[in-house]
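# Summary of structural features
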Amino acid sequence: MTQRWQPTAALKTLKERARILQSIRAFFDQRNVLEVETPVISRAAITDPQIESFSTQFHQKDFYLHTSPEFYMKRLLASGSGDIYQIVKVFRDDENGKNHNPEFTMLEWYRLGFNHHQLMDEMELLLSRLMIKGKIKFQRLSYQQAFINQFEIDPFDSDVFQLKQVAERFNIETPQGMDDDRDMWLDWLMVEKIAADFPKDIFTFLYDYPASQASLARLDKEDSRKANRFELFYGELELANGFYELTDADEQAKRFDNDNIVRQQRGQKLMPIDECLLDALKSGLPECSGVAIGIDRVMMVIMGADHINEVISFGDEFSG
Amino acid sequence: MASYSTNEFRGGLKLILDNDPCSIIENELVKPGKGQAFNRVKMRNLKTGRVLEKTFKSGESVEAADVIDVDMEFSYNDGEFWYFMDPNTFEQVAAPDSALVDSGKWIKAQELCTVTLWNGAPLVVTAPNFVELAVTETDPGLKGDTAQGGTKPATLESGAVVKVPLFIEEGEMLKVDTRSGEYVSRVKS
């Protein structure tokens, strides 16, 4: 008999996890944010070329496990739900490692009338309540400023050749397989140097990403080179991604189509576009901001864990 | 030509990098939630033994190295090559000095070694962790001096020189750790 049957997380950690989930629910209950549940399996799926969905079948038709509950939650918002939150397992194929598990727990919430900075304010309140350690510190840095501080270049005005020069100038390794894709180079400089240099024990909000990485965020009203998307890091560990939400159905449809064009070029599977989400946007999504936080990563921060397995009851299902 | 995609990377996987066979020690996925994924890989060059780090864009394919470990018996050394035989198939291979690194001085005929073959040719020969060898030359033993420290050099039948306690005499069998090159104990006959 092997020891494989045993949980990968200590009981102490599981108790702390339960406490965290309770405080999250209490936090939103106090603020009259409604807890909701939405389908985990659906006909339509995310089109983002960087995210792969697990698929399954029902009556010989393809269905997909959600990678975030975003589309359904937006349909609720458009139907008049008001502020909502959800704590749910989500699934991402091909993501496994010390900071990744193919299934993980996400906290996602939406606030009507909030812009992305107001939502960051609320995230600070929530995280301050969850952390057991005394003082916790936050900083906010724009994506543009981060590149200027680190490399003395404006990421919005730099083409791929300038980004390559930066890598050379700062002695940054070039990963095998890089091509002339500008976003690929921005991502590389981001993870290798900028996030890596974030102060260790504080939370960093990085906001206003390049428009080419808008995902489901609206473009900035004053500067369309940037999108009102943000991420939260603890040290260099990414914890959350949020948007001042795009409400324009036509723009959303264009982004979905463009994702599938990129997928086709890269030889990836084309994904079924969520027409119901587009119809919901057409009928009217209220002005809102939303964010998704990886609860397992938050648990890693709280417990000081080096591997995500240490905070998941059975975290080794996909290893070996 | 066989190859591995980055999502098949795991410890122990053997790859060709810059024409040399390498073995993965550690593979870490680095992926922004909404961005390009990368694999940071730590690996050992099996020819030089050096550890190197390299990053791959996720999804890249890398040529697989046809590298296997086989237990083989040392037969003899003709001054140019070291000959080993697979005791199951009786197949023989000839390893150059460079493949032995430090192993050569620890082995005698019939010693079972791990021979790492790359495309069928010996790449590295690893001696067993512990070997038993006779002392062929050392200063006379000091009777009664079994407790105190103090060491002297002793030449073993395989040619290695190790530090041994003062009471060891020529002709005795010793157990030696080949990784540290240290004397472990006398072997009772």
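Basis of the calculations
- Residues numbered from 1 in each chain as written.
- Chains lettered and ligands numbered in written order.
- Predicted model: local features only at pLDDT ≥ 70, side-chain atom pairs only at ≥ 80, totals over all residues.
- Helix = DSSP H or I, 4+ residues; strand = E, 2+ residues; numbered from the N terminus.
- Rg over C-alpha atoms; globule rule 2.2 N^0.38 Å.
- Buried ≥ 20, exposed ≤ 12 C-beta atoms within 10 Å, placed from the backbone.
- Contact = placed C-beta atoms within 7 Å.
- Expected span 1.5 Å × (residues − 1).
- Arc of directions from axis to C-beta.
- Core = buried A, V, L, I, M, F, W, Y, C linked by C-beta atoms within 7 Å.
- Nonpolar A, V, L, I, M, F, W, Y, C, P; charged D, E, K, R; others polar.
- Pairing = 2+ DSSP bridges.
- Axes fitted to C-alpha atoms, helices over the stretch in contact; angles between N-to-C directions.
- Parallel < 35°, antiparallel > 145°, perpendicular 65-115°, else oblique.
- Left-handed = near helix turned anticlockwise from the far one by under 90°.

## Remarks on the overall build of chain A
Of regular secondary structure, chain A possesses 9 helices and 11 strands. Taken over the C-alpha trace, chain A has a radius of gyration of 20 Å; the compact-globule value for 320 residues is 20 Å, and the two agree within 12%. Here the C-alpha coordinates of chain A stretch approximately 55 × 45 × 45 Å along the principal axes. Taking all 320 residues of chain A together, 39% fall into the buried category. Looking at chain A alone, contacts between residues at least 24 apart form 66% of all its contacts between residues at least 6 apart.

## Section: helix 3 (residues 116-130) of chain A
Residue and element names in this part refer to chain A. Here helix 3 spans 21 Å end to end across 15 residues, near enough to the 21 Å set by a 1.5 Å rise per residue. Of the residues making up helix 3, those classed as buried are His116, Leu119, Met120, Met123 and Leu127. One face of helix 3 carries all of its buried residues, which in axial projection span an arc of 100°. The outward face of helix 3, more than 90 degrees from its buried face, is lined by the exposed residues Asp121, Leu125, Ser128 and Arg129. Turning to helix 3, the residues buried within the fold contact strand 6 (103-112), strand 7 (138-142), strand 8 (203-210), strand 9 (226-234), strand 10 (237-244) and strand 11 (288-294).

## Some thoughts on the nonpolar core
Nonpolar side chains in soluble globular proteins tend to be buried together. The biggest cluster of nonpolar side chains holds 80 residues, and the ones touching the most others in it are A:Leu189 and A:Ile293. No other element matches helix 6 (residues 182-194) of chain A, which puts 7 residues into this core. If we skip the residues at most four places from it in the chain, A:Ile293 touches A:Met106, A:Leu107, A:Leu239, A:Ala240 and A:Val298. Membership of the second largest hydrophobic core comes to 25 residues, among which are B:Ile107, B:Leu156, B:Ile168 and B:Leu174.

## Here we look at the interface of chain B and chain A
The interface of chain B with chain A comprises 16 residues on the first partner and 22 residues on the second. Taken together, the elements giving at least two residues each to the side of chain B that touches chain A come down to strand 3 (20-30) and strand 5 (51-57) of chain B. Here the side of chain B that touches chain A gets 4 residues from one element, more than from any other, and that element is strand 5 of chain B. Considering only residue class, the side of chain B that touches chain A consists of 5 nonpolar, 5 polar and 6 charged.

## Side note on the sheet that holds strand 2 (residues 41-42) of chain A
Residue and element names in this part refer to chain A. Spatial strand order, 2-4-3: 3 strands in an open sheet with antiparallel pairing. The sheet is open, and its two edges are formed by strand 2 and strand 3 (55-58), each paired on a single side. Bridge analysis of strand 3 against strand 4 (residues 61-65) gives 4 bridges, and the strand direction is antiparallel. What sits directly across from Gln57, in strand 4, is Asp62.

## A short note on the environment of A:Leu237
All names here are of chain A. The residue Leu237 is located in strand 10 in this model. Along the primary structure Leu237 and Ala196 are separated by 41 residues, whereas in three dimensions their C-alpha atoms are 8.7 Å apart. Sequence-distant contacts of Leu237, that is, excluding residues within four places in its chain, are made with Asn99 and Arg297.

## Considering the pairing of strand 16 (residues 182-186) of chain B
Side-chain direction in a regular strand flips from residue to residue, so the side chains alternate between the two faces of the sheet. Residues and elements named next belong to chain B. Bridge count for strand 15 (residues 173-177) against strand 16 is 4 bridges, and the pairing is antiparallel. Along strand 16, the bridge assignment pairs Asp177 with Glu182. The hairpin turn running from strand 15 into strand 16, its antiparallel successor, is 4 residues long, and Gly181 in that turn takes a positive phi close to 75°.

## Observations concerning the sheet that holds strand 5 (residues 84-91) of chain A
Whenever strands of a sheet pair, they do so through backbone hydrogen bonds, lying parallel or antiparallel. Residue and element names in this part refer to chain A. Strand order in the open sheet formed by 8 strands is 1-5-6-11-10-9-8-7, with mixed pairing between adjacent strands. Whereas interior strands pair on both sides, the edge strands pair on one side only; in this sheet they are strand 1 (34-35) and strand 7. The strands that helix 9 (residues 295-303) touches are strand 6, strand 9, strand 10 and strand 11; relative to strand 11, the one it contacts most, it runs at about 60°.

## Some words on the packing of helix 2 (residues 70-78) of chain A against helix 8 (residues 275-284) of chain A
Residues and elements named next belong to chain A. Two elements in contact, helix 2 and helix 8, have axes whose closest approach is 9 Å; the angle formed by their N-to-C orientations is 30°. One element, helix 2, and the other, helix 8, form an angle in the roughly parallel class. Once helix 2 is placed against helix 8, the crossing between them reads as left-handed. Counted together, Phe71, Lys74, Arg75 and Ala78 of helix 2 and Cys276, Leu277, Ala280, Leu281, Ser283 and Gly284 of helix 8 form the full contact between these two elements. Along the lines of polarity and charge, the residues of the contact of helix 2 with helix 8 split into 6 nonpolar, 2 polar and 2 charged.

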